[in-house]
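As a plain string of letters, each chain reads:
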Amino acid sequence: MSETVQVTRPTTNELDTPTYRLAVAQFDQAAEALNLDPNLRQRLKLPQRSLIVSIPVRMDNGSVEVFTGYRVQHDSSRGPSKGGIRYHPDVNLGEVAALAMWMTWKCALAGLPYGGAKGGVKVAPKKLSRSELQRLTRRYAAEIFPLIGPDKDVPAPDVGTDAQVMAWIMDTYSQQVGYAVQGVVTGKPLSIGGSLGREEATGRGVVYVTMEALRHLKMDIEKATVAIQGFGNVGSNTALIMQEAGAKVIAVSDVTGGIYNAKGLDIPELLRRYRTNGQTLRDTKMGDFLTNEELLQLNCTVLVPAALSEQITEKNAANLRCRILAEGANGPTTLEADRILIDKGVFIIPDILANSGGVIVSYFEWVQDAQRFFWKAKDIQERLHEIITNAFHRTLSFASAKKTSMRMAALMSGIDKVAQAHLQRGLYP
Ligand code: GLU
């Protein structure tokens, strides 16, 4: 009597969210253009490992609240996996998996010896007290402890986390093993092995690649106007460094909306008012109020989405009036919007290239921690400049050689490097 065995294909249902679908659709398009091995295609669409953890936290009022956290490692064929930790109420497994996949391509494109990972906790961090945030972070770090380590997986800041959160993770990990392990996270404070220039690195990278794009388009930075969606770490540092580089920043926004000033905003003064009084951008009274949607549709030379994913969609893409789109955020543009923008002739610097300055300087931090030898700010800026502008020009040449978009060129270069590593290592066992 013969038995019929039902063979089922691996399902991706748990991951199936809009952001994950966007990452997979981009991957499918690039894999097709590369004529990628079908076995590899199946594997690279899925994460290597996904961990879901429950995080019980003693709240200040004595009650215990349980939060859900994730750590997803998409790939580790080229080295330890690397990627930030996000604290946001909308965090879910699919989003974290998509962000982990983008980290894999981003690290490969920049030539860093890392695979991609991402973590997240479904929480609104601003609603917690500092001690609640610390307890949440330490328990989350203890729960993901088996996955992380300087040679395994190295977290960093992302939306809703910062150097202080990294310090608590570094301490929690170090307490478990019994000695100080600096290289377990990057984006740390300087006192415990952080790197000069890490905090501003993503913004600085956005400015470096934008300057290359302007040069390529034979445009002058002194005449460029810039609009930035998002005023967190990436948005605010991009604004500051854009202004230092000679551009006029005409609008910035945060979740509550933004401000517009045709004469250009004084960014250091704006930051001072924004930070000292804990105000909204509107309360700084430095420009006219505008909504996030209006900001995206401003007439400007450079538009920098530096907030969350899927902001530029088929609904608003046709109304964009920028010459260059420099993606500071991860996944800000849907595939439908991409096509509309390309038809309009917008020059797109895709996320995995435009925002790679953060992970590039994270790499420097990890190397410095391993060497126990720390570099000067000037060395960091020069090395960041060299790596990111080389990646920009390689992507530009690839795009023109293959007659494809900058986004496809970036994805194809990244995916191809990861595919080579897999094929050369072979399939275990
Ligand atoms: N979270 C940042 C990103 O999305 C930085 C990651 C890192 O430095 O590891 O690229």
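Remember, it's a predicted structure, so these values are computed and weren't measured experimentally.

Draft legend 1. Layout of the site of the ligand. Taken together, 14 residues lie near the ligand, and Lys82, Lys106, Lys118, Asp158 and Ser362 sit nearest. Here Lys106 contributes a side-chain N or O atom positioned 2.6 Å from an oxygen atom of the ligand. Side-chain polar atom of Lys118 to an oxygen atom of the ligand: 2.9 Å apart, as the coordinates give it. Relative to its unbound accessible area of 300 Å², the ligand is 95% covered by the protein chains. Breaking the shell around the ligand down by element, the ones donating at least two residues are strand E3 (81-88), helix H3 (93-110), strand E5 (153-157) and helix H12 (357-371). Its residues assigned to classes, the shell around the ligand comprises four nonpolar, five polar and five charged.

Draft legend 2. Fine view of the packing of aromatic side chains. What the rule picks out here adds up to nine aromatic pairs. Relative to Tyr173, the ring of Phe145 lies with its centre 5.0 Å away and its plane at 45°, an arrangement referred to as tilted. Placement of Phe145 in the loop between helix H4 (130-144) and E5 and of Tyr173 in helix H5 (residues 163-177) is noted, with a sequence separation of 28 residues between them. You can call Phe145 partly exposed: its relative accessible area is 24%. The ring of Phe289 carries Arg282 above its face, with NZ or CZ at 3.8 Å from the centroid. The positively charged end of Arg383 is found above the aromatic ring belonging to Trp375, 4.3 Å away from the centroid.

Draft legend 3. Looking closely at the sheet that holds strand E10 (residues 299-305). Across the sheet, which stays open at both edges, the seven strands sit in the order E9-E8-E7-E6-E10-E11-E12 with mixed pairing between neighbours. Two strands bound the open sheet, and with one partner strand each, they are strand E9 (288-290) and strand E12 (347-349). Recorded for the sheet is a direction-independent mean angle of 25° between the axes of neighbouring strands. Examined bridge by bridge, strand E6 (residues 225-229) and strand E7 (residues 248-254) share five bridges and lie parallel to one another.

Draft legend 4. Expanded view of the nonpolar core. By size, the foremost hydrophobic cluster in this structure holds 93 residues, and its most contacted members are Trp105, Val252, Leu270, Val304, Ile349 and Phe392. If you tally residues by element for this core, the top one is H3, at 14 residues. Ile349 has contacts with Val209, Thr210, Ala213, Ile324, Leu325, Ala326, Glu327, Ala354 and Phe392, leaving out every residue within four places of it along the chain. With 25 residues, the next largest nonpolar core counts Ile85, Met166, Tyr173 and Val181 among its residues.

Draft legend 5. How the structure looks around the pairing of strand E1 (residues 49-58). Summarising the sheet, E1 and strand E2 (residues 64-73) pair through ten bridges and their orientation is antiparallel. Residue Arg49 lies in a different strand from E2, and its bridge partner there is Gln73. Linking E1 back to E2 in an antiparallel pair, the connection comprises five residues, with Gly62 at a positive phi of about 95°.

Draft legend 6. Focus on the side chain of Asn355. Note that Asn355 resides in the loop between helix H11 (351-354) and H12. Residue Asn355 is classed as buried on the basis of its relative accessible area of 5%. Of the polar contacts made by the side chain of Asn355, one reaches the side chain of Asn330; its length is 2.9 Å. If near-sequence neighbours (up to four positions away) are discounted, Asn355 is found in contact with Lys106, Thr202, Glu327, Gly328, Ala329 and Asn330.

Draft legend 7. Looking closely at the sheet that holds strand E4 (residues 115-122). Spatially, five strands are ordered E1-E2-E4-E3-E5 in an open sheet, and the strand pairing comes out mixed. Of all the strands in the sheet, the pair left with one neighbour each is E1 and E5. Strand-to-strand twist across the sheet, computed as the mean angle between neighbouring axes with direction ignored, equals 25°. Pairing of E3 with E5, which is carried by five bridges, proceeds in the parallel orientation. From the neighbouring strand, Ser81 faces E5, where its bridge partner is Asp153.

Calculation rules
- Residues numbered from 1 in each chain as written.
- Predicted model: local features only at pLDDT ≥ 70, side-chain atom pairs only at ≥ 80, totals over all residues.
- Heavy atoms only, no water.
- Near = heavy atom within 4 Å.
- Polar contact = N/O pair within 3.5 Å; in protein donor to acceptor, adjacent residues only side chain to side chain.
- Areas by Shrake-Rupley, 256 points an atom, 1.4 Å probe, with all protein chains shown as cover.
- Helix = DSSP H or I, 4+ residues; strand = E, 2+ residues; numbered from the N terminus.
- Nonpolar A, V, L, I, M, F, W, Y, C, P; charged D, E, K, R; others polar.
- Phe/Tyr/Trp six-rings, centres within 6.5 Å; stacked < 30°, edge-to-face > 60°.
- Buried < 20%, exposed > 50% of the residue type's maximum accessible area, 1.4 Å probe, protein only.
- Lys NZ or Arg CZ within 6 Å of the ring centre and 35° of its normal.
- Pairing = 2+ DSSP bridges.
- Axes fitted to C-alpha atoms, helices over the stretch in contact; angles between N-to-C directions.
- Core = buried A, V, L, I, M, F, W, Y, C linked by side-chain atoms within 4.5 Å.
- Contact = heavy atoms within 4.5 Å.

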